[in-house]
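Now for the letters of each chain:
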Protein chains: 2
Amino acid sequence: MCQYPKHVGIKEVGPRDGLQNEDVFIDTNDKVKWINMLSESGVKEIEYSSFVHPKWIPPLADAREVGRRIKRNPDVTYSALVPNLKGLEHALETGIDVASVFMSASDTHNQKNINKSIDETYPVLKKVIHEAKDAKKAVTGYVSTVFDCPYEGRISPEQVIDVCDQLFDYGVDSISLGDTIGTAVPSQVEALLASILSRYDQEKIIMHFHDTRGMAIANMMTSIQHGITRFDSSVGGLGGCPYAKGAAGNVATNDVLYLLHGLGIETGIKEEKIQQAALYIQDKLGKSLPSKALAYQSTNYKKTV
Amino acid sequence: MCQYPKHVGIKEVGPRDGLQNEDVFIDTNDKVKWINMLSESGVKEIEYSSFVHPKWIPPLADAREVGRRIKRNPDVTYSALVPNLKGLEHALETGIDVASVFMSASDTHNQKNINKSIDETYPVLKKVIHEAKDAKKAVTGYVSTVFDCPYEGRISPEQVIDVCDQLFDYGVDSISLGDTIGTAVPSQVEALLASILSRYDQEKIIMHFHDTRGMAIANMMTSIQHGITRFDSSVGGLGGCPYAKGAAGNVATNDVLYLLHGLGIETGIKEEKIQQAALYIQDKLGKSLPSKALAYQSTNYKKTV
């Protein structure tokens, strides 16, 4: 029988990675109200927005206003995505506990994403990481397309490790490994984690799955079996996939909690609060979110309210 | 690293367990055309309908006509659900290779389902099984609610084993263990399979998952890790849940194939054929099916046709 950890930590990334991939701009008042709901769910970390230039991510163009207006729960760590020094400056002015930097393990994906090669991106990240550390902030590095790239195909664990080595060398506190296009199956997760966990402390590694093809929960299980205890997820499975309209987004926090609590693993998060937050944002987006646990909960929810 | 089997067998149950839980009656011509599509997908077994009285399952009221009209592929085993001797008689007249009988591991669920206790059902099943074997047909026993019952809650492995012992004693060739309401998490699968596989040959055990809360693929992975090599699934994730309108149904054959082929496990089934069959029935039902792999495939599919 498998031994499960006592506790698993969830970072709610719906307000950033989720909304970033939705076409609708959610009114700032609604966003703030929604993030405040999430802050009261028991979740310990929330990525509340992205300080990328508004031109690139219109749904998150109000990052500064959101950051200023959300009610900060002292039990919650607030992070935001920062692409460069300008973004970090805005994020620090607005208020963050953690700066999230990002890089793709695939050179072509990085190029298409931010118009720079991996080697051209390193000096930018180095400065941002050092500046954030000087400001006494923690830093998380997102490494995307760690399994497959929509342009290059299969990515090797060695490519991922090259990027992780560099980011840890610059001083990031933890790294989130992203199945950005949701292609991975558990055997790929096993292969990557065998390399990663022989090299880095498991406490510094976060797994970030997308459920584009319905594999995310199985990939989480495999990660847990290998000792991973930190995951990113989005309320309701917000987000979609930029490479396939209509496909599912981030693994849904609702499904993740159903799994973890069912396994007897504590998260500190109240499922009904996440359900309410999912129904709230689903209503604002005007579409059904892809979480299956939510679809199930919703029917029961409707019966009881 | 986990060792995976070389081959896994899939029984397509969409025409029976899938349609049985849909509100729409699919025209018999369309059903026949659709089952013929499935017969050409490479799948080795199809459950084409149910010979339960039409009053109880109106969407499958045309079982006899469907059975008479489908084109039998000699490489495919055709099964149908039979509740009693009358049903078996109709199924044998119409043509089956396998008779599927069913029983719940929960007495209350069995009572609600067929208006008989487990003990009252045994003599009926015994006769049906013996009659089917006399007619030289194979028999599969479905045992439902093997993890949780909507009325009784948690079901113990001992309750499941009691029913399995009896059915094997009557002569069934294999048993399909159903997570009928889609509540199980992998730790429950581990616990049940530890008991089941210490008692019965793994080749005789089929796992039948519903994806009501998004756990089915993770539960399949756990089953594979424990040595299970036979699964039931439905094209597109047809079926829904009678206890929660709008919730997902059987685990989707599309998602199952994405997982198995990704793990390097052979099924003999062509993914594009299953995708076409899923899009066909989705169109006839007039609603999106819950398979995430299908949602992803559909967007690509639309681009290329």
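Not measured: the values here are computed from a predicted model.

## Regarding the UniProt feature "domain: Pyruvate carboxyltransferase" (unreviewed entry) in chain A
Thought 1: As recorded in UniProt, the sites labelled "domain: Pyruvate carboxyltransferase" (unreviewed entry) are residues 8–275 of chain A.
Thought 2: Overall, residues 8–275 of chain A shows 42% helix and 18% strand. The separation of its end C-alpha atoms is 19 Å.

## So, the relation of the copies chain A and chain B
Thought 1: Between the two copies, chain A and chain B, the superposition gives an RMSD of 0.0 Å; the rotation angle is 180 degrees and the shift along the axis is 0.0 Å. A rotation of that kind, with that shift, is consistent with a two-fold axis. Across chain A, the rotation axis passes nearest the C-alpha of Ala 218 of chain A, at a separation of 2.0 Å.
Thought 2: The residues that chain A uses at the interface reappear at the interface of chain B in 100% of cases, marking a shared surface.

## Describing the sheet that holds strand S5 (residues 138–144) of chain B
Residues and elements named next belong to chain B.
Thought 1: The sheet built from eight strands closes into a barrel, its strands ordered S1-S2-S3-S4-S5-S8-S9-S10 with parallel pairing. Ignoring which end each strand starts from, the neighbouring axes of this sheet average 25 degrees apart.
Thought 2: Across seven bridges, strand S4 (residues 98–104) lies against S5 in parallel orientation. When the bridges of S5 are listed, Val 101 appears paired with Gly 141.

## Some points on the sheet that holds strand S9 (residues 205–209) of chain A
Residue and element names in this part refer to chain A.
Thought 1: Spatially, eight strands are ordered S1-S2-S3-S4-S5-S8-S9-S10 in a closed barrel, and the strand pairing comes out parallel. The sheet shows a mean angle of 25 degrees between the axes of neighbouring strands, direction not considered.
Thought 2: Pairing of strand S3 (residues 77–81) with strand S4 (residues 98–104), which is carried by three bridges, proceeds in the parallel orientation. Paired with Ser 79 across the bridge in S4 is Val 98.
Thought 3: Sheet strands touched by helix H5 (residues 107–114): S4 and strand S5 (138–144). Its angle to S4, the strand with the most contacts, is close to 120 degrees.
Thought 4: Helix H6 (residues 118–134) rests against S4 and S5 of the sheet, and its axis sits at about 170 degrees to S4.

## A look at the packing of aromatic side chains
Thought 1: This model, assessed by the stated rule, comprises eight aromatic pairs over all chains.
Thought 2: Measuring from centroid to centroid gives 6.3 Å for Tyr 48 of chain A and Phe 51 of chain A, while their planes differ by 90 degrees, and the two rings are edge-to-face.
Thought 3: Note that Arg 213 of chain B overlies the ring of Tyr 296 of chain A, its terminal NZ or CZ placed 3.5 Å from the centroid.

## Brief notes about empty space enclosed by the protein
Empty space among the atoms becomes apparent when a probe as large as a water molecule is rolled across them.
Thought 1: Counted according to the given criterion, the structure contains one cavity of 30 Å³ or more.
Thought 2: Lining of the largest cavity is provided by 14 residues; of these, Asp 211 and Gly 214 of chain A together with Asp 211, Gly 214 and Lys 292 of chain B occupy positions nearest its centre.
Thought 3: Of all elements in the fold, only helix H9 (216–225) of chain A together with helix H9 (216–225) of chain B reach the threshold of two or more residues within the lining of the largest cavity.
Thought 4: Ranked by the residues each element gives to the lining of the largest cavity, the list is headed by H9 of chain A, at three residues.
Thought 5: A class-by-class count of the residues in the lining of the largest cavity yields six nonpolar, two polar and six charged.

## Structural notes on the pattern of salt bridges
A side chain with one charge can pair with a side chain of the opposite charge if their charged atoms come near.
Thought 1: For the coordinates displayed, the defined rule picks out 26 salt bridges over all chains.
Thought 2: Asp 30 of chain A is the partner of Lys 284 of chain A in a salt bridge, and the nearest nitrogen-oxygen pair spans 3.9 Å. Taken together, the residues Lys 284 of chain A in helix H11 (residues 271–285) and Asp 30 of chain A in helix H2 (residues 28–39) connect sequence positions 254 residues apart.
Thought 3: What makes Lys 284 of chain A partly exposed here is its relative accessible area of 31%.
Thought 4: The salt bridge involving Lys 292 of chain A is made with Asp 211 of chain B; its shortest N-O contact spans 2.7 Å. You can see Lys 292 of chain A sitting in helix H12 (residues 292–304) and its partner Asp 211 of chain B sitting in the loop between strand S9 (205–209) and H9, one on each of two chains.
Thought 5: Assessed through its relative accessible area of 8%, Lys 292 of chain A is described here as buried.
Thought 6: The class of Asp 211 of chain B is buried, set by a relative accessible area of 6%.

## Points about the pairing of S9 of chain B
Residue and element names in this part refer to chain B.
Thought 1: Counting buried residues along S9, five of its five residues qualify, which places the element largely inside the surrounding structure.
Thought 2: Burial along S9 is two-sided: the residues Ile 205, Met 207 and Phe 209 and Ile 206 and His 208 are all buried.
Thought 3: Bridge count for strand S8 (residues 174–179) against S9 is five bridges, and the pairing is parallel. Across the sheet, residue Leu 177 finds its bridge partner in S9, namely Met 207.
Thought 4: Assessed by its sense of winding, the connection that carries the chain from S8 through helix H8 (residues 186–197) to S9 is right-handed.
Thought 5: By the bridge criterion, two bridges tie S9 to strand S10 (residues 230–233) in an arrangement that is parallel.

Rules of the game
- Residues numbered from 1 in each chain as written.
- Chains lettered and ligands numbered in written order.
- Predicted model: local features only at pLDDT ≥ 70, side-chain atom pairs only at ≥ 80, totals over all residues.
- Heavy atoms only, no water.
- UniProt positions renumbered as here; feature names shortened; annotations may be inferred.
- Helix = DSSP H or I, 4+ residues; strand = E, 2+ residues; numbered from the N terminus.
- Least-squares fit on C-alpha atoms with pLDDT ≥ 70 in both.
- Contact = heavy atoms within 4.5 Å.
- Pairing = 2+ DSSP bridges.
- Axes fitted to C-alpha atoms, helices over the stretch in contact; angles between N-to-C directions.
- Phe/Tyr/Trp six-rings, centres within 6.5 Å; stacked < 30°, edge-to-face > 60°.
- Lys NZ or Arg CZ within 6 Å of the ring centre and 35° of its normal.
- 1 Å grid on protein atoms, 1.4 Å probe; cavity = no way out; pocket = protein on both sides within 12 Å on 5 of 7 lines; lining within 4 Å.
- Points joined across faces, edges and corners; volume = space filled by probe spheres on them.
- Nonpolar A, V, L, I, M, F, W, Y, C, P; charged D, E, K, R; others polar.
- Salt bridge = Lys/Arg side-chain N within 4 Å of Asp/Glu carboxyl O.
- Buried < 20%, exposed > 50% of the residue type's maximum accessible area, 1.4 Å probe, protein only.
- Right-handed = clockwise from strand over helix to strand, strands pointing away.

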